[in-house]
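Results of the structural survey
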Amino acid sequence: MALMMKQSAGLKAVSASRSRRSVVVRAGKYDEELIKTANTVASKGRGILAMDESNATCGKRLDSIGVENNEDNRRAYRELLCTTPGLGQYISGAILFEETLYQSTKDGRKFVDCMKAENIVPGIKVDKGLVPLSNTNGESWCQGLDGLDKRCSEYYKAGARFAKWRSVVSIPHGPSLIALRDCAYGLARYAAIAQNAGLVPIVEPEVLLDGEHDIDRCLEVQEAIWAETFKYMADNKVMFEGILLKPAMVTPGADCPNRAGPAKVAEYTLRMLRRRVPPAVPGIMFLSGGQSELESTLNLNAMNQSPNPWHVSFSYARALQNTVLKTWQGKEENVQAAQKALLKRAKANSDAQLGKYDPASEGKEAAQGMYEKGYVY
């Protein structure tokens, strides 16, 4: 009997030892820096300028104002954005395309140095774009994991401190379970790789505006993709304090006849976030997704009328740049006017992040829709 008791005690001790060994406390090389970077980007009254359009997409923007798509014109436009005086008061981070990360101003200053001088954190788009997902109804998956660790290390050396990976979920084409899981797993692997290279990952499973679905269906799909994404991020030991999210707002589909005002969009979007996003996450940086400049700002403002567990802000591309591009027209003499237009939009969204936005000063151009079906970067 005494021998059996000793054996039992020994087994319990071994089991307890194994249990203790299985509880691993994360202590990554960049953890403190990741947390600091994430909280810098998610700082009061500031958001992200997304200027990471591919060269082809940037070409479409330039073409819309009659400007040729070549490297010098792309550099000139991005220089306009990066060198806007006072931009850092409203913008905390800027997402760059790879070409832009290594570019310099006409007088030889690196873009990343111009941004750092304004206390704007440089970021980098790291995905390689969407391709068709086999055996689905036209759904997509995002490529770019091959060699990502090496690319992230090089981007860190070049001055980037956060990264972005955009995958998409289509309601009209599904979403199928395999597409949801592929999207979530790809984002989780990317996030883990980026963190191990010192880059804060922006996690972006964009639920597209395409479709006739109502706001309740959008809520259902948003909850599904974020549940999968956080599950796989936890499996991959991603540190939630060192990430940022870039969700779409919960809205009706672009072709749904029943539209939703800012109060309802805010109600549904915050409901989704509270159900799915841990308070450890520092910041929610919304994409505009083809909403007009005015609509995206009004919706953000409505979400900040009461305190939230996270910094609720913006990561806008078209909703910050549309008026800027039209003002510039590719002409040197219009640069200052275009930069003033950028500051106006940045300040409007800064005010919205604080819940203090007043649309009274907005012009008609701010209400122009920018939705494009099947939009790609």
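The coordinates are above.
Predicted model, so just to flag it, every value in this text is computed and none were measured. (Residues numbered from 1 in each chain as written. Predicted model: local features only at pLDDT ≥ 70, side-chain atom pairs only at ≥ 80, totals over all residues. Heavy atoms only, no water.)

Our next topic: the overall build of the protein chain. Within the protein chain, the regular secondary structure consists of 13 helices and ten strands. In the protein chain, which comprises 377 residues, the share counted as buried stands at 56%. Roughly 16,800 Å² of accessible area belongs to the protein chain as shown, and the carbon and sulfur atoms make up 51% of that amount. (Helix = DSSP H or I, 4+ residues; strand = E, 2+ residues; numbered from the N terminus. Buried < 20%, exposed > 50% of the residue type's maximum accessible area, 1.4 Å probe, protein only. Areas by Shrake-Rupley, 256 points an atom, 1.4 Å probe, with all protein chains shown as cover.)

Right, let's talk about unusual backbone geometry for a bit. In most cases, non-glycine residues show a negative phi, while peptide bonds are predominantly trans. Geometrically, the link from glycine 174 to proline 175 is a cis peptide bond, its omega value of -10° lying close to zero. Looking at the element boundaries, proline 175 is found in the loop between β6 (162-169) and α8 (177-196). For asparagine 135, which is not glycine, the phi torsion reads 60° and is therefore positive. Inspection of the secondary structure assignment puts asparagine 135 in the loop between β4 (130-132) and β5 (140-142). Owing to a relative accessible area of 83%, asparagine 135 belongs among the exposed residues under this scheme. Phi angles above zero are rare outside glycine, and glutamine 329 is one such case at about 60°. Residue placement: glutamine 329 occurs in the loop between α12 (318-328) and α13 (335-353).

Going through the model one piece at a time under the given rule, you end up with 18 salt bridges. Note that aspartate 351 is salt-bridged to lysine 347, the shortest N-O span being 3.0 Å. Of the two residues, aspartate 351 and lysine 347 are both situated in helix α13; the distance of four residues between them amounts to about one turn of the helix. Classification of lysine 347 as partly exposed rests on a relative accessible area of 37%. Linked through salt bridges whose partners overlap, the residues forming this network are Asp52, Lys164 and Glu204. (Salt bridge = Lys/Arg side-chain N within 4 Å of Asp/Glu carboxyl O.)

Burial analysis of α12 places nine of its eleven residues in the buried class, the great majority of the element. Within α12, burial applies to Arg318, Ala319, Leu320, Gln321, Asn322, Thr323, Val324, Leu325 and Trp328. At the exit of α12 stands glutamine 329, carrying a positive phi of roughly 60°.

Nonpolar side chains in soluble globular proteins tend to be buried together. Formed by 108 residues in total, the largest nonpolar core has its most connected members in Tyr190, Leu199, Phe230, Met233, Leu245, Phe286 and Trp328. It is α8 that provides the largest number of residues to this core, a total of ten residues. If sequence neighbours within four positions are ignored, leucine 199 has contacts with Leu34, Ile124, Cys152, Tyr155, Tyr156, Ala160, Arg161, Phe162, Ala163 and Ala194. (Core = buried A, V, L, I, M, F, W, Y, C linked by side-chain atoms within 4.5 Å. Contact = heavy atoms within 4.5 Å.)

Right, let's get into the packing of aromatic side chains. Each aromatic ring pair is characterised by the separation of its centres together with the angle its planes make. Per the stated rule, a full pass over the model turns up seven aromatic pairs. Pairing phenylalanine 230 with phenylalanine 240 gives two aromatic rings, centres 5.2 Å apart and planes at 90°, and the pair type is edge-to-face. Within this pair, whereas phenylalanine 230 is found in helix α9 (residues 215-235), its partner phenylalanine 240 is found in the loop between α9 and β8 (244-245), the two being separated by ten residues in sequence. The two residues phenylalanine 230 and phenylalanine 240 agree in class, both being buried. Above the plane of the ring of tyrosine 156 lies arginine 161, whose end atom (NZ or CZ) is 3.7 Å from the centre. (Phe/Tyr/Trp six-rings, centres within 6.5 Å; stacked < 30°, edge-to-face > 60°. Lys NZ or Arg CZ within 6 Å of the ring centre and 35° of its normal.)

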